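# Structural description and commentary
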Amino acid sequence: LVAGLGLGLYRFSVEWSRIEPEEGEWSHAAVEHYRRLCAALRARGIDPVVTFHHFTTPRWLADRGGWSDPGTADRFAAFCGRLAAELGGGADDGMARACTINEPNVVATVGYLLGFFPPGRTDAGVRRRVNDVFVDAHRKAVDAIRAGAPGVPVGLTLSMTEYVAVDGGEANTERMRDEMENVFLDATGGDDFLGVQTYSRMRIGPDGVLGAEDGVPVLDMGYEYWPQALEACLRQAWDRTGGTVPLLVTENGIGTADDAQRLSYVHAALEGVLRALADGIDVRGYTYWSLLDNFEWAYGYRPRFGLVS
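Please read these numbers as outputs of a predicted model, since none were measured by experiment.

### Quick notes on the packing of aromatic side chains
The way to describe two aromatic rings as a pair is by their centre distance and the angle between their planes. According to the stated counting rule, one finds 16 aromatic pairs in the structure shown. On the basis of an interplanar angle of 50° and a centroid distance of 5.1 Å, the ring pair of Phe55 and Trp297 is categorised as tilted. Pair noted here: Phe55 is in the loop between β2 (47-53) and α3 (59-62) and Trp297 is in the segment after β8 (283-286), with a separation of 242 residues, a long-range link. Note on Phe55: relative accessible area 14%, which makes it buried. Three or more aromatic residues joined by ring pairs make a cluster, and in this case those are Trp16, Trp26, Trp60, Trp67, Phe76, Phe79 and Phe134. Positioned over the ring face of Phe193 is Arg97, at 5.1 Å from the centre of the ring.

This is the structure we're talking about:
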């Protein structure tokens, strides 16, 4: 399917709990599955982009405090280093890029502040500690992956939103941007790329998050149809990092059953990428989310993001 669509890369994640189901227990069969996937993609001229952590955490790690435990950073780095060495970076069968952590800001906020994702906490102080642990884990994972698979570009992927201050919401907007994005953008110095993942905007007033603006369609995920958010977030990331880290769109897409709406969304989003490129912003690629309709976490199978039904 990927080759037939003419796509140049395929991003997927490994499952830590399959590879290391108990601490120190290593599944060679699970690793071999991902090795075969990389090799099959390479054989079709497709770059494998491997994400080492995408939301899910092994039970044995969760039992030790998960991402609220500072020791998790070292355990994650050890996992990344060993797996990177086994997957490799060969042009015939290895990784083309490595993403350390998918959207650490979402795991921290939705899992430890809003309580919707495991472990279901609602503690602002713990959320801030989790942010710090994720930053430490990312930095250590970059070094570990570079040591295990020299030459493979490594970076973080971050959920970014076009935050819009409305009617005096500037202070709230800056606070939210600091806690959700800047703490992680500031930790990307020296990385080979930053993965920007954007779907919509968020309107913020003096009392917090506002609903959709009148006249703007609302999608199945509950947020506005706002494809221009991608360009805004690319510019925000570029400005915050001082133009020192190349950008890669690692997620952008729309959950809809209306393919005409999907076409218009992607077209408008890509026009924004082209404007960013024309202004000298270093954007290396664009990855649609997702290839297939998928299980969208708490929303189940209802939101249809797939290019393929």
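From this point, the narrative continues.
### Notes on the nonpolar core
Nonpolar side chains in soluble globular proteins generally cluster together in the buried interior. Ranked by size, the top nonpolar core spans 69 residues in total, and within it Phe52, Phe76 and Phe79 carry the most contacts. Among the elements that line this core, the one with the most residues is helix α6 (residues 124-148), at nine residues. Excluding its chain neighbours within four sequence positions, the residues that come into contact with Phe76 are Trp16, Phe52, His53, Trp67, Thr100, Ile101, Ala137 and Ala141. Core analysis: the next-biggest nonpolar cluster, separate from the first, contains ten residues, Met221, Tyr225, Tyr265 and Trp289 among them.

### Description of α6
Here α6 contains 25 residues, and its C-alpha end-to-end distance of 35 Å stays within 8% of the 36 Å for a straight helix at 1.5 Å per residue. Measuring from the backbone nitrogen of Gly125 back to the side-chain oxygen at the start of α6 gives 2.9 Å, which picks out Asp123 as the cap.

### Focus: the packing of helix α4 (residues 72-87) against α6
Two elements in contact, α4 and α6, have axes whose closest approach is 8 Å; the angle formed by their N-to-C orientations is 25°. Judged by the inter-axis angle, α4 sits roughly parallel to α6. Note that α4 runs across α6; the crossing there is right-handed. Here Thr72, Ala73, Asp74, Phe76, Ala77, Cys80, Gly81, Ala84 and Ala85 of α4 come into contact with α6, specifically with Val133, Asp136, Ala137, Lys140, Ala141, Ala144, Ile145 and Gly148. When the residues that make up the contact of α4 with α6 are grouped by side-chain class, the tally is eleven nonpolar, three polar and three charged.

### Quick notes on a nonpolar patch on the surface
Among the surface-exposed residues, Leu5, Leu7 and Leu307 lie close enough to one another that they form a single nonpolar patch of about 240 Å² accessible area. Positionally, Leu5 belongs in the segment before β1 (9-13). For Leu5, a relative accessible area of 44% corresponds to the partly exposed category.

### Remarks on the pairing of strand β3 (residues 97-102)
Here β3 lies mainly inside the structure; six of its six residues are buried. In this sheet, β3 lies alongside β2 in parallel orientation, the contact comprising four bridges. If you follow Val50 over to β3, its bridge partner there is Ala98. As judged from the three bridges shared by β3 and strand β4 (residues 154-165), these two strands associate in the parallel manner. Looking at the pairing, Asn102 lines up with Thr157 of β4.

### A short note on the side chain of Glu181
Tracing the sequence through the fold places Glu181 in helix α7 (residues 170-185). Despite its burial, Glu181 remains without a salt bridge, the nearest opposite charge being carried by Arg177 at 4.4 Å. Look past the residues within four positions of Glu181 in its chain and what remains in contact with it is Leu158, Ser159, Met160, Thr161, Tyr163, Met176 and Gln236.

### Remarks on the environment of Arg203
Mapping Arg203 onto the fold places it in strand β5 (residues 193-205). Residues Arg203 and Glu224, 21 residues apart in the sequence, show an inter-C-alpha distance of 10.0 Å. Not counting chain neighbours up to four residues away, the residues in contact with Arg203 comprise Val164, Val166, Gly208, Val209, Leu210, Gly211, Ala212, Glu213 and Glu224. Within the local environment of Arg203, its side chain forms a polar contact with the backbone oxygen of Gly211, the two atoms lying 2.8 Å apart.

What counts, and at which threshold
Residues numbered from 1 in each chain as written. Predicted model: local features only at pLDDT ≥ 70, side-chain atom pairs only at ≥ 80, totals over all residues. Heavy atoms only, no water. Phe/Tyr/Trp six-rings, centres within 6.5 Å; stacked < 30°, edge-to-face > 60°. Helix = DSSP H or I, 4+ residues; strand = E, 2+ residues; numbered from the N terminus. Buried < 20%, exposed > 50% of the residue type's maximum accessible area, 1.4 Å probe, protein only. Lys NZ or Arg CZ within 6 Å of the ring centre and 35° of its normal. Core = buried A, V, L, I, M, F, W, Y, C linked by side-chain atoms within 4.5 Å. Contact = heavy atoms within 4.5 Å. Expected span 1.5 Å × (residues − 1). Polar contact = N/O pair within 3.5 Å; in protein donor to acceptor, adjacent residues only side chain to side chain. Axes fitted to C-alpha atoms, helices over the stretch in contact; angles between N-to-C directions. Parallel < 35°, antiparallel > 145°, perpendicular 65-115°, else oblique. Left-handed = near helix turned anticlockwise from the far one by under 90°. Nonpolar A, V, L, I, M, F, W, Y, C, P; charged D, E, K, R; others polar. Patch = residues over 30% accessible without salt bridge, like charges linked within 9 Å, V, L, I, M, F, W, Y side chains within 5 Å. Areas by Shrake-Rupley, 256 points an atom, 1.4 Å probe, with all protein chains shown as cover. Salt bridge = Lys/Arg side-chain N within 4 Å of Asp/Glu carboxyl O. Pairing = 2+ DSSP bridges. Lys, Arg positive; Asp, Glu negative; His and termini not counted.

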